[in-house]
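Residue strings, one per chain:
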Amino acid sequence: MSQIETVLKETREFAPSQEFVARANLQPSEYQRVFAEAARNPIQFWEGAARNIDWFQPWQKTFEWKEPHAKWFVGGQLNASYNCLDRHLKTDTKNKLALIWEGEDGHTTRLTYQELFERVCQLANAMESKLDLRAGDFAAIYMPLVPEAVVTMLACARIGVTHSVIFAGFSAHAVRDRINDARCKVVFTADETYRKGQPLNLISIVRQAVAECPGVQHTVVLTRNASTHLSGREVAYQAISEAQPKTHTAKPIDAEHPLFVLYTSGTTGKPKGILHTTGGYLTGVNQTARWVFDLKPNDIYWCTADIGWITGHSYVVYGILSLGMTSLIYEGVLNHPHPGRIWEIADRHKVTILYTAPTAIRSFMRAGEEHPNKYPMASLRLLGTVGEPINPEAWIWYQQTIGKGRCPIVDTWWQTETGGIMISPIPGVVPTKPGSATKPFPGILADIVDENGKSCGPNEGGYLVIKHPWPSMARTILGDPDRFRDAYWTRFPGMYFTGDGAHKDAQGYFWIKGRVDDVINVSGHRLGTMEIESALVSHPSVAEAAVVGPPDELKGQSIVAFVIPKDIANLTDLSALEQSLKRHVANEIGAIARPDRILLTRTLPKTRSGKIMRRLLKDFAAGKTTSGDTTTLENPNLVDLIK
Ligand code: WT7
């Protein structure tokens, strides 16, 4: 566990500058009191936070708990779209920019809150009158990072349609399974997106998927290429929204009505449809965005995540727009057409807050500091990271080379299931240590426990758990409440199990090590090894497969697949088979899951009960000699590679 050793050696500590502290949203003088009170009474703390949201109908009961199912703000009615739009039209925010979009070719669109409101109203009207969508329906969104994608999310929220955003990098099979799992009635997509200057066809993927989705009644297509031809149940996004009225009354929605479902990987079987509801989720992301990003009216905030991930939901859309902030979105690759593209954009749009992933930071670090040094980025005042542990070296580079030593760094730990940030510095209050996500957010009762659920002592490694429910927590796994209980609420009775390993230092700072289960984190995104293995064994030439994620300098973890081919005797072209397997996984799941290495083998190390010993495979893939217990090994040959 080299990662733990590195962070343990880390003793540097950085206090925020006086200048930053002077203007901070949460002041050091208040913090101790707020934090202590929230720890004593989290329900009361979150109730206070919910008052920053506009409600049509106040709640009758703040919190209801039948483990593992929580209800927050019961009886309350609100609308997430109203909170992100309408309420800002009553103030000067009306004419402020809500979205700045930049395409990879440099093309830019700017939308004020008034303009975004009008577009959302038009689409919401079209959804009701042309697509027959109603509260309680589900709609899939498979769109590139364009303003229309945000408009679609907010239009769904406006009428109570639960959205399921599917990252526009997933394959037709993955899209099909997600659409069917949530019984989506409508799919929103675009004909194409652009990546490294090349058009990438999205609609063909959706067509393939929808051919096997009997419940889909319409596909709404944002047409960007004049030669795209729509047919059958396909309608153009522009055509249905164009003639619609630019006003629409947001529907009052129950606090516990599902706002969205978002799929994430688990250890076994199919992806889990993580279900989030409205009142608690909005309260959580609004409050965390306010304090963690220390947002001010003039900020230009840029989170580089795609809306296909939870980060995009919470901190591109709902948290940020509910605060009336300007959110920058970029549809493209961060190092295209030149290695400094990200810094060029940050500089040109005068970005003040930048939120990105360690994997991106490491790749920019590797590209060389001459690229960021071309751009002054004088407007930057706060930097954030999310997705995986950040190694201290990358943290320091981010702080020095990008932040010029003047910007606090917020290393934010959270998950799709938590909805919002859980452990993070509050800048201006909590001194930072490179590699540590520091302290839990007020109202979040995080701890580290041993095998038996007992709190660990300082520097003792254990399992990261949350000991009290919080408003933005997932409510269930869509269609599978038993799996929800099993995955998160059975390992440690009465606690939410995150699946991550961690330790606390003597000052109570949290150091997160990463996943302890068979889930790997590639470029900040969770992938289930099981899913990749199932994809591999669905290939006609594969008998058996095991996937592990050894550490990777750039991506956090890489994907290494051990594969036993079916017809070993007649194998001739090994590299053709490897290529074909990589392509196959990319087709089945998406390019993000494409194995970096395929190792063809005759054997896999198994226990006598037939369980593959992944720990050994992981050591092997990482080039380490295996330490630890191998006595249960059935086959003395660790792996017997074919080449
Ligand atoms: C897993 C959640 C939250 C949005 C992005 C990923 C890892 C996330 C950190 C961090 C160390 C982190 C954890 C977590 N993770 N942020 N700041 N430090 N690890 O969402 O796909 O649901 O993955 O990402 O392992 O459990 P996700």
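Before any of the text, the structure's been laid out above.
Everything quoted here is computed from the prediction, not taken from an experiment. (Residues numbered from 1 in each chain as written. Predicted model: local features only at pLDDT ≥ 70, side-chain atom pairs only at ≥ 80, totals over all residues. Heavy atoms only, no water.)

**Examining the site of the ligand**
Argument step 1. Taken together, 18 residues surround the ligand, and among them D411, T412, T416, R515 and R526 come closest.
Argument step 2. Taking D500, its side chain carries an N or O atom lying 2.9 Å from an oxygen atom of the ligand.
Argument step 3. Here an oxygen atom of the ligand sits 3.4 Å away from a polar atom, N or O, in the side chain of N521.
Argument step 4. Bound to the protein, the ligand loses 97% of the 560 Å² it would expose on its own.
Argument step 5. Among the elements of the structure, helix 12 (310–321), strand 20 (409–412) and strand 25 (510–515) are those that each provide at least two residues to the shell around the ligand.
Argument step 6. In terms of residue class, the shell around the ligand is made up of six nonpolar, seven polar and five charged. (Near = heavy atom within 4 Å. Polar contact = N/O pair within 3.5 Å; in protein donor to acceptor, adjacent residues only side chain to side chain. Areas by Shrake-Rupley, 256 points an atom, 1.4 Å probe, with all protein chains shown as cover. Helix = DSSP H or I, 4+ residues; strand = E, 2+ residues; numbered from the N terminus. Nonpolar A, V, L, I, M, F, W, Y, C, P; charged D, E, K, R; others polar.)

**A short note on the packing of helix 6 (residues 113–129) against helix 7 (residues 147–159)**
Argument step 1. Closest axis-to-axis distance for the helix 6/helix 7 pair is 8 Å, and the angle between their directions is 60 degrees. Taken together, the axes of helix 6 and helix 7 are oblique relative to one another. Along this stretch, helix 6 crosses helix 7, giving a crossing that reads as right-handed. Here L116, F117, R119, V120, C121, L123, A124, M127 and E128 of helix 6 come into contact with helix 7, specifically with E148, V151, T152, L154, A155, C156, R158 and I159.
Argument step 2. When the residues that make up the contact of helix 6 with helix 7 are grouped by side-chain class, the tally is 12 nonpolar, one polar and four charged. (Axes fitted to C-alpha atoms, helices over the stretch in contact; angles between N-to-C directions. Parallel < 35°, antiparallel > 145°, perpendicular 65-115°, else oblique. Left-handed = near helix turned anticlockwise from the far one by under 90°. Contact = heavy atoms within 4.5 Å.)

**Quick notes on the sheet that holds strand 24 (residues 496–504)**
Argument step 1. Ordered in space as 21-22-24-25, the four strands form an open sheet in which the pairing is antiparallel. Looking at the sheet topology across the chains shown, the edges are occupied by strand 21 (446–449) and strand 25. Averaged over all adjacent pairs, the angle separating strand axes in this sheet is 45 degrees, with direction ignored.
Argument step 2. With four bridges joining them, strand 21 and strand 22 (residues 462–466) adopt antiparallel strand pairing. In the sheet register, I448 faces strand 22, and the bridge partner there is L464. (Pairing = 2+ DSSP bridges.)

**Description of the side chain of T162**
Argument step 1. Position of T162 among the secondary structure elements: in strand 7 (residues 162–165).
Argument step 2. Overall, T162 belongs to the buried group, its relative accessible area being 0%.
Argument step 3. Those residues in contact with T162, other than ones at most four positions away along the chain, are D137, F138, A139, H257, P258, L259, F260 and V261. (Buried < 20%, exposed > 50% of the residue type's maximum accessible area, 1.4 Å probe, protein only.)

**Quick look at the sheet that holds strand 12 (residues 234–236)**
Across a sheet, paired strands are connected by hydrogen bonds in the backbone, their directions being either parallel or antiparallel.
Argument step 1. Across the sheet, which stays open at both edges, the eight strands sit in the order 12-11-8-6-7-14-15-23 with mixed pairing between neighbours. Edge positions in the sheet fall to strand 12 and strand 23 (476–477), since each has one partner strand and no second.
Argument step 2. Of the strand pairs in this sheet, strand 7 and strand 14 (residues 258–264) are connected by two bridges, and their pairing is parallel. Bridge pairing in strand 14 links H163 to F260.

**Describing the environment of R51**
Argument step 1. Looking at where R51 falls in the secondary structure, it is placed in the loop between helix 4 (42–50) and strand 1 (61–66).
Argument step 2. Residues R51 and D92 lie 41 residues apart in sequence; the distance between their C-alpha atoms is 21 Å.

**Structural notes on helix 14 (residues 358–367)**
Because the α-helix completes a turn every 3.6 residues, residues three or four places apart line up on one side.
Argument step 1. Buried within helix 14 we find P358, T359, A360, I361, R362 and F364.
Argument step 2. Looking at the packing, one finds that the buried side of helix 14 touches helix 13 (341–348), strand 18 (353–356), strand 19 (382–386), helix 15 (392–402) and strand 30 (556–557).
Argument step 3. In the stretch just after helix 14, G368 is the one whose phi turns positive, near 110 degrees.

**Brief notes about helix 19 (residues 614–621)**
Argument step 1. Taken residue by residue, helix 19 has R614, L616, L617, D619 and A621 as its buried positions.
Argument step 2. The inward-facing, buried residues of helix 19 abut helix 17 (529–537), strand 28 (542–548), strand 31 (560–565) and strand 32 (597–600).
Argument step 3. Looking one or two places after helix 19, you find G623, whose phi comes out positive at around 80 degrees.

**A closer look at the pairing of strand 10 (residues 198–201)**
Argument step 1. Where strand 9 (residues 192–195) meets strand 10, four bridges bridge the pair, whose relative direction is antiparallel. Across the sheet, residue T193 finds its bridge partner in strand 10, namely L200.
Argument step 2. Taking the residues between adjacent antiparallel strands as the criterion, strand 9 and strand 10 are bridged by two residues, where K196 takes a positive phi near 50 degrees.

**Brief notes about the pairing of strand 7**
Argument step 1. Burial along strand 7 is two-sided: the face carrying T162 and S164 and the face carrying H163 and V165 are both buried.
Argument step 2. The pairing of strand 6 (residues 138–142) with strand 7 spans four bridges and is classified as parallel. Residue pairing across strands places A139 opposite H163, the latter belonging to strand 7.

**Things to note about the nonpolar core**
Argument step 1. Core analysis: the largest hydrophobic core is formed by 166 residues, its most contacted members being L116, L154, I179, F188, F293, Y318 and L536.
Argument step 2. For this core, the two domains that each supply at least three residues are domain 1 (4–502) and domain 2 (515–642).
Argument step 3. With residues up to four places along the chain from it excluded, the contact list for Y318 reads A80, C84, M153, L154, A157, H163, L259, Y281, L282, V285 and H313.
Argument step 4. If you look at the next biggest cluster of nonpolar residues, it comprises 28 residues, including I100, A360, L380 and W395. (Core = buried A, V, L, I, M, F, W, Y, C linked by side-chain atoms within 4.5 Å. Domains from an automatic or database assignment.)

**Here's the deal with the environment of F293**
Argument step 1. Its place among the elements puts F293 in the loop between helix 11 (279–292) and strand 16 (300–303).
Argument step 2. On the basis of relative accessibility, which here comes to 1%, the residue F293 falls in the buried class.
Argument step 3. Between the C-alpha atom of F293 and that of Y355, which follows or precedes it by 62 residues, the distance is 9.0 Å.
Argument step 4. Sequence-distant contacts of F293, defined by excluding residues within four places in its chain, comprise T288, Y301, Y315, I353, Y355, R381, L382, V410 and I421.

Geometric descriptors of this kind do not, in isolation, establish any biological role.
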